[in-house]
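Observations on chain architecture
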Amino acid sequence: MQSVSANTYSVHFNDKAYTELNAHLEKANYSKVFILVDENTHQHCLPSFMSQIFGDYNYEIIEIEEGEINKTIETCVQVWHVLSELDADRKSVMINLGGGVITDLGGFVASTFKRGIDFINVPTTLLSMVDASVGGKTGVDLGSLKNQVGVINLPQMVLVISSFLQTLEERQLHSGFAEMLKHGLIRDKKYWNELNLVSDFNKLDEFIYDSVVIKNDVVMQDPTEQNLRKILNYGHTLGHAVESYFLESESHKTLLHGEAIAVGMVLEAYLSNKLTGLSDDSLNAIKKTFINRYGKVSFTDEDIKNILTYLKFDKKNSHGNINFVLLKTIGECQIDVIVSEDLLYESFAYYKV
């Protein structure tokens, strides 16, 4: 499987990932190698990862608690203190071994420590392999508000090693698969159709590669999200609002990112049908796909009202307007669409039927 070249770095896959990592570490001559993990990747991924690294390097393992709830500036402060205590300098490197929380937070910590040290992303979840680790977005949540603080800064490389997927529960695989379905919806109808036939999550390598290629192609054309890159946020305007609300709510079970985005993609497909020309057949096909794979999330009228209050924090907003990415057809998007409040409520009514 060929590497995927992005601006100043590449995404390497499986055996080639380790070959490229070893070559880079030998050449870079880092003063220290820090590996950021959570308790899950420390136990299930770090041993096999370390067994493939050759060379006598000065390693330090830093562990944080797992979960989105720990993707905060407070966790960053703790990691910055540990780096200082362990004498990290500007010639150190941080390897982020974990899911999206680790790659987002670790990339942000590295990008800001001593005004920036090198980092390498080694995603271990399907979601982070196809989304979080690619494209240079780093950052943390602000309370329950997703990704409000961060910078766009590129890693030295991204290593996608699909054997790590064997450590995941099926729910986590489904969460990542939602982002892959999104890639088909926004960019490639043929890919969307192929993903709809997938029933075996043990055979995802080629699809992971295709998703990385799609995301990378978009990011290469618009690295700082001025225009085209916004299409990667399809389903995320309402999906992030749902995710944030459920993260903060004491009466609801927390949703995984992909589960919330699956809801958002159905809601925003309805808006697309009303505003940007998505056909009735495509709308119903999208709803069928996501309901069949993810089931339905229950919302009360009060839930919906509260969820919509989170929209004002969306990163795509400007000049007081909430800007949506909507579908014209499966495979083609329109950005910066303003949606009325009435239609937002209608989208939830359509989802619930």
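What this report covers is the structure whose coordinates are included nearby.

**Examining the packing of helix 7 (residues 170-187) against helix 12 (residues 280-294)**
At a minimum axis distance of 11 Å, the contact between helix 7 and helix 12 shows a crossing angle of 170 degrees. As the angle between them shows, helix 7 and helix 12 are arranged roughly antiparallel. Counted together, H174, F177, A178, L181 and L185 of helix 7 and I286, T289, F290, R293 and Y294 of helix 12 form the full contact between these two elements. Looking at the contact of helix 7 with helix 12, its residues break down into 7 nonpolar, 2 polar and 1 charged.

**Focus on the environment of L228**
Tracing the backbone through its elements, the reader meets L228 in the loop between helix 9 (205-221) and helix 10 (236-248). Between the alpha carbons of L228 and C333 there is a distance of 9.2 Å; along the sequence they are 105 residues apart. The contacts of L228, once residues within four sequence positions are left out, are R187, V218, Q221 and D222.

**Re the pattern of salt bridges**
This structure, assessed with the given rule, holds 16 salt bridges. The shortest N-O distance in the salt bridge between K215 and D131 comes to 3.1 Å. Here K215, found in helix 9, pairs with D131, found in helix 6 (residues 126-132); they are 84 residues apart in sequence, far enough to count as distant. Among the residues examined, D131 registers a relative accessible area of 13% and is labelled buried. In this structure, the salt-bridge partner of K328 is E332, at a minimum N-O distance of 3.4 Å.

**Thoughts on a negative patch on the surface**
Taken together, the side chains of E39, E63, E65 and E66 define an acidic patch exposed on the protein surface. For E63, a relative accessible area of 45% translates into the label partly exposed.

**Description of a nonpolar patch on the surface**
Judged by side-chain polarity, I73, V77, L142 and V149 come together as a nonpolar surface patch covering roughly 270 Å² of accessible area. Structurally, the position occupied by I73 is in helix 4 (residues 73-85). When its relative accessible area of 31% is taken as the criterion, I73 is described as partly exposed.

**Here's the deal with the packing of helix 11 (residues 257-275) against helix 14 (residues 341-352)**
Remark: helix 11 packs on helix 14, axes separated minimally by 9 Å, with the N-to-C direction vectors making an angle of 120 degrees. Comparing their axes, helix 14 and helix 11 come out oblique. In this structure, helix 11 crosses over helix 14, and the sense of that crossing is right-handed. Counting all contacts with helix 11, which are made through V263, V266, L267, Y270, L271, K274 and L275, the residues of helix 14 involved are L343, L344, E346, S347, F348, Y350 and Y351. For the contact of helix 11 with helix 14, the residue count by class is 11 nonpolar, 1 polar and 2 charged.

**Brief notes about helix 1 (residues 14-28)**
With 15 residues, helix 1 should cover 21 Å at 1.5 Å per step; its first-to-last C-alpha distance of 21 Å lies within 8% of that length. Within the span of helix 1, buried status applies to A17, Y18, L21, N22, H24 and L25. Viewed end-on, helix 1 has its buried residues packed into an arc of 165 degrees, placing them on one side of the element. In helix 1, the exposed residues that point more than 90 degrees away from the buried face are D15, T19, E26 and K27. Where the residues of helix 1 are buried, they touch strand 2 (9-13), strand 3 (33-38), helix 3 (46-50), strand 6 (118-123) and strand 9 (157-160). Looking one or two places after helix 1, you find N29, whose phi comes out positive at around 55 degrees.

**Considerations on the pairing of strand 9**
In strand 9, alternate side chains face the same way, and those of M157 and L159 on one face and V158 and V160 on the other are all buried. Examined bridge by bridge, strand 2 and strand 9 share 4 bridges and lie parallel to one another. Across the sheet, H12 pairs through a bridge with L159, a residue of strand 9.

**Looking at the nonpolar core**
If you look at the biggest cluster of nonpolar residues, it comprises 100 residues, and the most contacted ones within it are F49, F177, I208, F290 and F299. Considering each element in turn, this core owes the most residues, 10 residues, to helix 11. If we ignore the near neighbours within four places in the chain, the residues touching F49 are Y18, L21, I35, I95, L97, V122 and F164. Core analysis: the next-biggest nonpolar cluster, separate from the first, contains 18 residues, M94, L105, F108 and I117 among them.

Rules used throughout
Residues numbered from 1 in each chain as written. Predicted model: local features only at pLDDT ≥ 70, side-chain atom pairs only at ≥ 80, totals over all residues. Heavy atoms only, no water. Axes fitted to C-alpha atoms, helices over the stretch in contact; angles between N-to-C directions. Helix = DSSP H or I, 4+ residues; strand = E, 2+ residues; numbered from the N terminus. Parallel < 35°, antiparallel > 145°, perpendicular 65-115°, else oblique. Contact = heavy atoms within 4.5 Å. Nonpolar A, V, L, I, M, F, W, Y, C, P; charged D, E, K, R; others polar. Salt bridge = Lys/Arg side-chain N within 4 Å of Asp/Glu carboxyl O. Buried < 20%, exposed > 50% of the residue type's maximum accessible area, 1.4 Å probe, protein only. Patch = residues over 30% accessible without salt bridge, like charges linked within 9 Å, V, L, I, M, F, W, Y side chains within 5 Å. Areas by Shrake-Rupley, 256 points an atom, 1.4 Å probe, with all protein chains shown as cover. Lys, Arg positive; Asp, Glu negative; His and termini not counted. Charge placed at Lys NZ, Arg CZ, Asp CG, Glu CD. Left-handed = near helix turned anticlockwise from the far one by under 90°. Expected span 1.5 Å × (residues − 1). Arc of directions from axis to C-beta. Pairing = 2+ DSSP bridges. Core = buried A, V, L, I, M, F, W, Y, C linked by side-chain atoms within 4.5 Å.

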